[in-house]
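These are the residues of each chain, in order.
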Amino acid sequence: MSEKVLQYHKPSLQGILTIPGDKSVSHRSVMFGSIATGKTTVDGFLLGEDCLSTIDCFRKLGVKIDVDGTNVTIDSAGMDAWQESTEVLYTGNSGTTTRLMLGILAGSNVHTVMTGDASIGKRPMRRVIDPLRQMGAHITGRANGQFTPLAIQGTKLQAIDYQMPVASAQVKSAILLAGLRAEGTTIVRESEVSRDHTERMLRQFGAQVDVADGVVSFKGGQTLTGTHVSVPGDISSAAFFLVAGAICKGSRIVLENVGVNPTRDGIIEVLQNMGASMTLAHNDDGQAEPTATITIATSTLKGTTIEGDIIPRLIDEIPILALLATQAHGKTIIKDAEELKVKETDRITAVVDELKKLGATIEATADGMVIEGPTPLRGASLKTYGDHRIGMMGAVAALMTDGAVTLDDAQCIAVSYPTFFEHVETVTQ
Ligand SMILES: O=C(O)C1=C[C@@H](OP(=O)(O)O)[C@@H](O)[C@H](O)C1
Ligand SMILES: C=C(OP(=O)(O)O)C(=O)O
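Residues numbered from 1 in each chain as written. Chains lettered and ligands numbered in written order. Predicted model: local features only at pLDDT ≥ 70, side-chain atom pairs only at ≥ 80, totals over all residues. Heavy atoms only, no water.

## As for the sheet that holds strand 22 (residues 361-365)
In a beta sheet, neighbouring strands pair by backbone hydrogen bonds and run either parallel or antiparallel. Ordered by their spatial adjacency, four strands build an open sheet running 20-21-23-22, and the pairing between neighbours is mixed. In this open sheet, the two strands that pair with only one neighbour each are strand 20 (305-306) and strand 22. Pairing between strand 20 and strand 21 (residues 330-334): two bridges, direction parallel. Bridge assignment links Ile306 to a residue of strand 21, and that residue is Ile334. Along the sheet face, helix 10 (residues 318-325) touches strand 20, strand 21, strand 22 and strand 23 (368-373) and points at about 25° away from the line of strand 23. The sheet strands contacting helix 11 (residues 347-357) are strand 22 and strand 23, and the helix crosses strand 22 at an angle near 160°. (Pairing = 2+ DSSP bridges. Helix = DSSP H or I, 4+ residues; strand = E, 2+ residues; numbered from the N terminus. Contact = heavy atoms within 4.5 Å. Axes fitted to C-alpha atoms, helices over the stretch in contact; angles between N-to-C directions.)

Structure representation (structure tokens):
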């Protein structure tokens, strides 16, 4: 654990930031490149610890992966060429790595054992393993497969027609990746659409995927061919600076290369609804994942309600949106977000407890929280719970407080945004 004391004296934020690569897309670029036959080149890769865990897992299966700055090259002879690892595949803090790997490994021809850190050891895996078992997967783990460590014996799979019980791109993606090796057409039905990076990337690697009215159909037995992937900037990382720019007095910052995939852009809609001074310039570069340059300035904000099908489009942004709401006039209600309880930590409890220490008026509900603003924030000692997004929420709050904010563990931020504090320095100078 690395404690960090943050004292910024309420700066005005100015400057331009290029937002680092999207975590979801970076993971998938390595996974798809390792499954595909031939060479895959990736630019803009996120060098966050979670994505490095994904690289490490595939290297242990014998895939050749070179990292040169944010350029990654994956050379694979296809998944039938993978070798059984004598070592346990270690997924660190990454739910995305653990859950998508389950789908991939279920239909492979290798036996693997996979585990992660203490946080991963508490996150539910049956949501993925249940549908995979219906497809014929052989997976065992603690509590009948609910928790890591997990053992996966790759085998032949059959397609399923699956109605998603929760809005989760990790569950959807695991099923689709297993479906690649399954006999028949795999169908995943979503009542609320979750991020669609897997569907987009399958097409980039040459597969055919049909999507209509929340129903994804994918014929098994298709092969993937190596290609080039350009990773957009991560809107979930940009979120911290969007909020910082909106709530710090006298600020105007420009965020370049922000991924604005419509299944991820809920925060833009919320900022607009709350009255933020924000403009978007879309880049018309024909990439699989759309990007934009976003300019944000200090804003007079009003409270809002965040609920229903926008939740999957901003699920990882809720901690920082809660901080934003402490500076908005009136009440902000966040509901339908019980998924927050099964992230790196219980993010409802963590957000409410830590923002209260800063003086916020905030209460937890069964499926979200209610925040009343605007409230001046004061310095305090905060816990991150080892959760990168709680750590960054605390660091952005420190830009507004009179006294210092101390984070008990700032190292956890490197999971998704290793250059976060450098970027804070850039805009506070
Ligand atoms: O598929 C992905 O890359 C992700 C999906 C989301 O999780 P769920 O699928 O559990 O909602 C999100 O919270 C996570 O940060 C990344
Ligand atoms: C929930 C997150 O990631 P993961 O599920 O991959 O650990 C996140 O990045 O906020």
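Continuing now.
## A short note on a nonpolar patch on the surface
A surface patch of nonpolar side chains, about 210 Å² in accessible area, is lined by Leu47, Leu52 and Val67. Position of Val67 among the secondary structure elements: in strand 4 (residues 64-68). (Patch = residues over 30% accessible without salt bridge, like charges linked within 9 Å, V, L, I, M, F, W, Y side chains within 5 Å. Areas by Shrake-Rupley, 256 points an atom, 1.4 Å probe, with all protein chains shown as cover. Salt bridge = Lys/Arg side-chain N within 4 Å of Asp/Glu carboxyl O.)

## A look at the site of ligand 2
The local shell around ligand 2 holds 13 residues, among which Lys23, Gly95, Thr96, Arg123 and Arg389 are the closest. In this structure, an oxygen atom belonging to ligand 2 sits 3.1 Å away from a side-chain N or O atom of Glu344. The side chain of His388 places a nitrogen or oxygen atom 3.4 Å from an oxygen atom of ligand 2. Contact with the protein chains covers 98% of the free accessible surface of ligand 2, which is 300 Å². When contributions to the shell around ligand 2 are tallied by element, the ones reaching two or more residues are helix 3 (95-106) and helix 12 (388-398). Residue composition of the shell around ligand 2, grouped by class: no nonpolar, six polar and seven charged. Counting contributing residues, the shell around ligand 2 receives three or more from each of domain 1 (4-21 + 232-428) and domain 2 (23-230). (Near = heavy atom within 4 Å. Polar contact = N/O pair within 3.5 Å; in protein donor to acceptor, adjacent residues only side chain to side chain. Nonpolar A, V, L, I, M, F, W, Y, C, P; charged D, E, K, R; others polar. Domains from an automatic or database assignment.)

## A closer look at the site of ligand 1
As a matter of local geometry, ligand 1 sits amid 13 residues, with Ser24, Arg28, Ser168, Asp316 and Lys343 nearest to it. Contacts to ligand 1 include Ser168, whose side-chain N or O atom sits 2.7 Å from an oxygen atom. In the model, an oxygen atom of ligand 1 is placed 2.8 Å from a nitrogen or oxygen of the Lys343 side chain. Isolated, ligand 1 exposes 390 Å² of accessible area, and the fraction of that covered by the protein chains is 94%. With three residues, the single largest contributor to the shell around ligand 1 is helix 1 (residues 23-35). Split into classes, the residues belonging to the shell around ligand 1 amount to three nonpolar, four polar and six charged.

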